[in-house]
Amino acid sequence: MGRTGVIQMAHWNNLCRVRQSLQAVFGLLLWCIASIPVSPTQAAPAAGAEPTSRFQRTVQYLQEATPELRSDFAATALSSMASAYEQEAQLAREQARRAGKPNLWAWSANVDRYAGQISLLLEDVELGLPVRLSLAGGASLAITVADRTLIVSHPRLNEQSAFEQGILLAFCASNGCDQFSPDSGANEPIPVSGARIRPNWTFTAQGSLCAYRGITVRFDNAQNMANSRLICEQLLQEIMALTEELAWQQRYSVTIEWEQLVVQPIPHSPEHTVQINTLGDTVLVTIPMLYRSADLLKQLLPWMRAQVSGQEGVNVELHADQYGWQKP
């Protein structure tokens, strides 16, 4: 084995040790690849190939894109990864101070060193060294810069989908990602939510009704209207934000498995992840009411599905007392 191979193997042995430490502390199922070589650049999947997530399709497209686009995507991914590991190390130090566990101090130092290695690779990208993107094992993004390869992963595997979605959002904010999905149905209607939603209110002897585009929230009394207004407006903002995100995903040829939507909180963040299919496609959105209220999302699915497909005439009525929104 030549000098380069020895350096590469040492790099990956260090990576394995760091991830083994992660597994010991948090019980995470983290993995490292056993050898350096990755598969050659892969072409876009042919018809009839296994379905892939939008993140994977973007990587496949960028394999044949300009060097500038590949470098931009690699820089975005590496920057996000370095930040994730730095935050993980900081969290470990805080836990070590509170719990007085020496192993957490050692582990946080290892993670800090690994974050530093990621930053060094990022510097190589920014210097203009050639970048190659591949899907290691057919799923995980591998970035090769000159003779060094790194698997892009979050330190906590249960946050991997949200992590990849964040990379996509950051990359697409500065690049026209429509070009990565030529058959994405660009003419599909996208619902647009304004800065502030203003519902219509109706007051009767039986209570008050808050209505907006087919969604009605019924409050059994007209007392504490200030609270009712806040509840209704926040709920509608969340519904429209999630619906718009789903519409954008469908525009990029992402399959939405409506009955399988799962909402989860992101640790140390106000945002939530919504997994929209079994491929791992995920959207990031802040929806605390939809997350906390059991069965609320299921009740709203027919309306959201109709909105995403551009249909009208689907109505949903929600009762505030059923979800604990009704205050005396």
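Refer to the preceding data block for the structure.
A few points on the structure. Just so you know, the residues in each chain are numbered from 1, in the order the chain's sequence is written. Residue-level local features of this predicted model are given only where pLDDT is at least 70; pairs of side-chain atoms are given and counted only at 80 or more, and the full residue set underlies all totals for whole chains, interfaces and linings. With hydrogens and water set aside, each side-chain value is computed from the structure's full complement of heavy atoms.

**Examining the side chain of Thr149**
Then, number 1: Comment: elements are numbered from the N terminus, with helices defined as DSSP H or I runs of at least four residues and strands as E runs of at least two. Inspection of the secondary structure assignment puts Thr149 in strand E3 (residues 148-151).
Then, number 2: On the basis of relative accessible area, Thr149 is assigned to the buried category, the value being 6%.
Then, number 3: Side chain to side chain, Thr149 and Thr144 meet in a polar contact 2.9 Å long. For each residue, the accessible area found with a 1.4 Å probe, counting protein chains only, is set against the maximum for its type, and the residue is called buried under 20%, exposed over 50%, and partly exposed in between. Throughout this description, a polar contact denotes any pair of N or O atoms lying within 3.5 Å of each other; where both atoms belong to protein, one of them has to be capable of donating a hydrogen while the other can accept it, and for residues adjacent in sequence the pair is counted only when both atoms sit in side chains.

**Let's talk about the pattern of salt bridges**
Then, number 1: Should a side-chain nitrogen of Lys or Arg be within 4 Å of a carboxyl oxygen of Asp or Glu, the pair is scored as a salt bridge. Going through the model one piece at a time under the given rule, you end up with four salt bridges.
Then, number 2: Between Arg93 and Asp112 there is a salt bridge; the shortest N-O distance is 2.4 Å. Within this pair, whereas Arg93 is found in helix H3 (residues 67-99), its partner Asp112 is found in helix H4 (residues 102-126), the two being separated by 19 residues in sequence.
Then, number 3: Residues Glu317 and Arg218 are paired through a salt bridge, measuring 3.1 Å at the closest nitrogen-oxygen approach. Pair noted here: Glu317 is in strand E10 (residues 316-319) and Arg218 is in strand E6 (residues 215-219), with a separation of 99 residues, a long-range link.
Then, number 4: Residue Glu317 is classed as partly exposed on the basis of its relative accessible area of 35%.
Then, number 5: According to the relative accessible area criterion, Arg218 is partly exposed, its value standing at 26%.

**Quick word on the sheet that holds strand E8 (residues 272-275)**
Then, number 1: Pairing between strands requires that DSSP locate at least two bridges from one strand to the other. Taken in spatial order, the three strands of this open sheet run E7-E8-E9, and their pairing is antiparallel. With one partner strand each, in any of the chains shown, strand E7 (262-265) and strand E9 (282-285) form the two edges of the open sheet. Neighbour to neighbour, the strand axes of the sheet diverge by 25° on average, direction disregarded.
Then, number 2: Pairing of E8 with E9 involves four bridges; the strand directions are antiparallel. Here the axes come from fitting lines to C-alpha atoms, over the contacting stretch only for helices, and the angles between their N-to-C directions go from 0 to 180 degrees.

Coordinates in, geometry out; function isn't part of it.
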